[in-house]
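# Structural characterization, general
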Amino acid sequence: MRAREKVGRSVAQRDDKKRLGKKHRQASTRPKKGRAPKSTPTTGAVDPRKRKLLSTKRAAAEKLKRVTKQSPEREKRKAIRGDAPVRTPKGTPPQSRPVRPADGIVGRQTPRSSNVAGRERIEEEDWRDIELLAAQMVTETESAEARELPLIAVCGRPNVGKSTLFNRLTGSRRSIVGDEPGITRDRIYGEIEWMGREARIVDTGGVVPDDEALIPAEIFRQAQVALEEANAIVMVVDGRTELASPDLELARLLLRGGKPVFLAVNKMDTEAMQVQAENFRRLGFRNVLPISAEHGSGIGDLLDVVFDVLPEPEVVIEEPVVMLTESDEIEEDANGPDYSVAAGASIEPAAKRARKLRSHGEYESRETKIAIIGRPNVGKSTLLNALTGTQRAIVSPIAGTTRDAVDEVVERDGHAFRFVDTAGIRRKGKTKLMAEKLSVIMARKHLEAADVSLLVIDATEGVAALDANIGGYAHESGRSVIIVVNKWDLMTRTGKDGKRLFDGKPPADQKLYEQDVRDKLKYLDYAPLLFISAADGKNIEQVFKKVELVARERRKRVTTGQMNRFLEKVDFQKASVPMNKRVRIYYMTQAAVAPPTFVLFTDKDIKLHFSFERFLANQIRETFGFIGSPIWFKVKARNKKKEA
């Protein structure tokens, strides 16, 4: 009887638990004594009316934890090096590192979001500071006429202040200056003027004669070239440090050369320190001058003694330049040029006199500046050496060898071509050193100062996304573009088995490769394409021909009458433009050259649709050419109200 009652009671209790639900069935498993551990409530588990208050408290607590007692400079250096975390004020509870999904994967570490954000902020500040420094630097180089002037060479071991002295003497920020040793590698030329006399000056890299490494050896070779062609040499030493073995070796080489050498003891900022300069007379030089390149003290005394040993330049009488007006040009086309004395011309033959035209809106340029741009290690320096026929730039398989822009002038058929080898442009995240960051920004500045750009692409790697970005820089800045596919010999050179030597694949087809380049660089459809091998010197002559063609097309001018007759033949219905972006062009005229710029007089004051600009540019190219040059448009509405 009792057993039946127990069974019935247990069945009833089980039925009651079923009716109460799962929450009450699990109540027996909870601890009966003590309190449950308190856990920080999440935002979703809080009353909606209190969520905002909880979020505010959490944000204030996180902000309090980030307060440091270290200087900003030390905190910045620690964040970059990845040292120990920054100290927090006393009383702050220790933070437990949250478990992340990637922590359990071997060989993978996901950075904390706070560290990544802080590092990105520091990187942005560094790039902003370097951009301000780059804005103060110049891209001007020595002119072609200055090659007849006497040359002064500045040399010394690394990090003694040669580039600072070079910038001080030239009065400009041309050479990159930094605390990192070995920034300057190639020869940097400039012009100086002192007491009515002019001269050239060359900045060389830090010389280490005993170093057999590739780049130091190339720097020494470049310095030797500058020392051989110099009329006077200025050796720079650091007055705050003891003499090193490179100083002794370089001094021994200079004394053997037989040229006038002047020892500039740099970093003598005060008069009390200038007495220490006498300790450097044991190098064997007669002329020892204490200077401070950064502050400018002692520079005048140095220039006085240097210019005393330079040869006197020859006096050249400049011939008058004949300036022709538009009416004179029309008369010249009909009757031939008038070089009579009554017309203001000299008696010399026409072939010896320079002429400039006024009607083109700009004076005729005697020199074409070509910037060689591209990613690191694609063969830009090798191409410069092949174009100039010299060993002007340092070439090495190490990416990022070129830092300062290197330029050289080549004269062909009475025209001067100035080729500028720029540093390899890379992504911001790939540049760590200050010199690399500054060289990337200066490469873009030299590009904007050029007329034509040679976009060099490595044939073995194909067109990368960075190549497209670099080409976009040239396109947006209005520079004419020539696409140069370098190292093409590696794509066609085969062995006995008929396969390529460097990767064992079948040789590349030039037409298919060109189509692939055009597909990836669609916005540069107007740019000529060349396949060359700078190392072997193949098709280098084609580069000169294309540069001359593109430079001529860049300065082409079309009359207003020709443009109006062109507009009558264009079928604008073929342009795929939205109806609200369609405009009616009454007439158009060319307003400027280099790059060719056209002004459109329309019925609406709206920005042209990109498809309409592309359609109109293609129609203009089919009729007038403008090979290799971007075309710009400006819109002026006829019914636009005049602003008061």
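The rules we used
- Residues numbered from 1 in each chain as written.
- Predicted model: local features only at pLDDT ≥ 70, side-chain atom pairs only at ≥ 80, totals over all residues.
- Heavy atoms only, no water.
- Phe/Tyr/Trp six-rings, centres within 6.5 Å; stacked < 30°, edge-to-face > 60°.
- Helix = DSSP H or I, 4+ residues; strand = E, 2+ residues; numbered from the N terminus.
- Buried < 20%, exposed > 50% of the residue type's maximum accessible area, 1.4 Å probe, protein only.
- Lys NZ or Arg CZ within 6 Å of the ring centre and 35° of its normal.
- Contact = heavy atoms within 4.5 Å.
- Polar contact = N/O pair within 3.5 Å; in protein donor to acceptor, adjacent residues only side chain to side chain.
- Pairing = 2+ DSSP bridges.
- Axes fitted to C-alpha atoms, helices over the stretch in contact; angles between N-to-C directions.
- Left-handed = near helix turned anticlockwise from the far one by under 90°.
- Nonpolar A, V, L, I, M, F, W, Y, C, P; charged D, E, K, R; others polar.
- pLDDT = per-residue confidence, 0-100.
- Patch = residues over 30% accessible without salt bridge, like charges linked within 9 Å, V, L, I, M, F, W, Y side chains within 5 Å.
- Areas by Shrake-Rupley, 256 points an atom, 1.4 Å probe, with all protein chains shown as cover.
- Salt bridge = Lys/Arg side-chain N within 4 Å of Asp/Glu carboxyl O.
- Lys, Arg positive; Asp, Glu negative; His and termini not counted.
- Charge placed at Lys NZ, Arg CZ, Asp CG, Glu CD.

## Re the packing of aromatic side chains
Two measures describe an aromatic ring pair: the distance that separates the ring centres and the angle between the ring planes. Inspection of the entire model under this criterion finds twelve aromatic pairs. Judged by centre distance (5.2 Å) and plane angle (70°), the ring pair of Trp 488 and Tyr 513 falls under edge-to-face. Residue Trp 488 is found in helix α15 (residues 488-492), and its partner Tyr 513 is found in helix α16 (residues 510-520); the two are separated by 25 residues along the sequence. We classify Trp 488 as buried; its relative accessible area is 10%. Positioned above the aromatic ring of Phe 544, the side-chain terminus of Arg 412 is 4.2 Å from the ring centre. Note that Lys 556 overlies the ring of Phe 626, its terminal NZ or CZ placed 5.5 Å from the centroid.

## Focus on the environment of Asp 186
For Asp 186, the position within the fold is in the loop between α6 (162-170) and β2 (188-194). Distance from Asp 186 to Val 202, taken between C-alpha atoms, is 9.9 Å for residues 16 residues apart in sequence. Apart from residues lying up to four places away in sequence, Asp 186 is in contact with Asp 203, Gly 205, Arg 392, Ala 393, Ile 394, Thr 402 and Val 406. A polar side-chain atom of Asp 186 sits 2.9 Å from the main-chain amide nitrogen of Ile 394.

## With respect to the sheet that holds strand β16 (residues 597-602)
As summarised here, the arrangement of the three strands in space is β15-β16-β17, forming an open sheet in which the pairing is mixed. Unpaired on one side and paired on the other, β15 (585-592) and β17 (632-637) mark the two borders of the sheet. The mean angle between the axes of side-by-side strands here comes to 25°, regardless of whether they run parallel or antiparallel. Sheet topology note: the β15/β16 ladder contains six bridges and is antiparallel. Note that in β16 the partner of Ile 585 across the bridge is Thr 602. Most of the contacts of helix α18 (residues 560-569) go to β15, to which it runs at about 145°, and overall it touches β15 and β16.

## A look at the packing of α18 against helix α19 (residues 610-624)
Two numbers describe how α18 lies on α19: the axes approach to 11 Å, and their chain directions differ by 115°. The crossing of α18 and α19 is right-handed. In this structure, α18 contributes Gln 562, Met 563 and Phe 566 to the contact, and α19 contributes Leu 616, Gln 619, Ile 620, Thr 623 and Phe 624. In terms of residue class, the contact of α18 with α19 is made up of five nonpolar, three polar and no charged.

## Description of the confidence of the model for the chain
Detail in the predicted coordinates should be disregarded across regions flagged by low pLDDT. A residue-level look at the chain finds 72% of positions with pLDDT of 70 or above and a mean pLDDT of 78. Here strand β8 (residues 355-357) stands out as the least confident element of the chain, with mean pLDDT 39; strand β14 (residues 529-531) is the most confident, with 97. Taken together, the stretch residues 79-114 has pLDDT below 50 and engages in 32 contacts with residues farther than four places along the chain or on a different chain. This stretch, residues 336-364, has a pLDDT under 50; its non-local contacts, to residues over four places away or in other chains, come to 47 contacts.

## Quick word on the pairing of strand β3 (residues 197-203)
Of all seven residues in β3, five are buried, a share of seventy percent or more. In terms of strand pairing, strand β1 (residues 151-155) meets β3 through four bridges, oriented parallel. When the bridges of β3 are listed, Ile 152 appears paired with Ile 201. With seven bridges connecting them, β2 and β3 associate as antiparallel partners. Each residue of the ladder has a partner; that of Glu 191, found in β3, is Arg 200. Connecting β2 to the antiparallel partner β3 that follows it, the hairpin turn spans two residues, and Met 195 within it adopts a positive phi of roughly 55°.

## Structural notes on a negative patch on the surface
Taken together, the side chains of Glu 145, Glu 191, Glu 193, Glu 198 and Glu 411 define an acidic patch exposed on the protein surface. Tracing the backbone through its elements, the reader meets Glu 145 in the loop between α5 (113-136) and β1.

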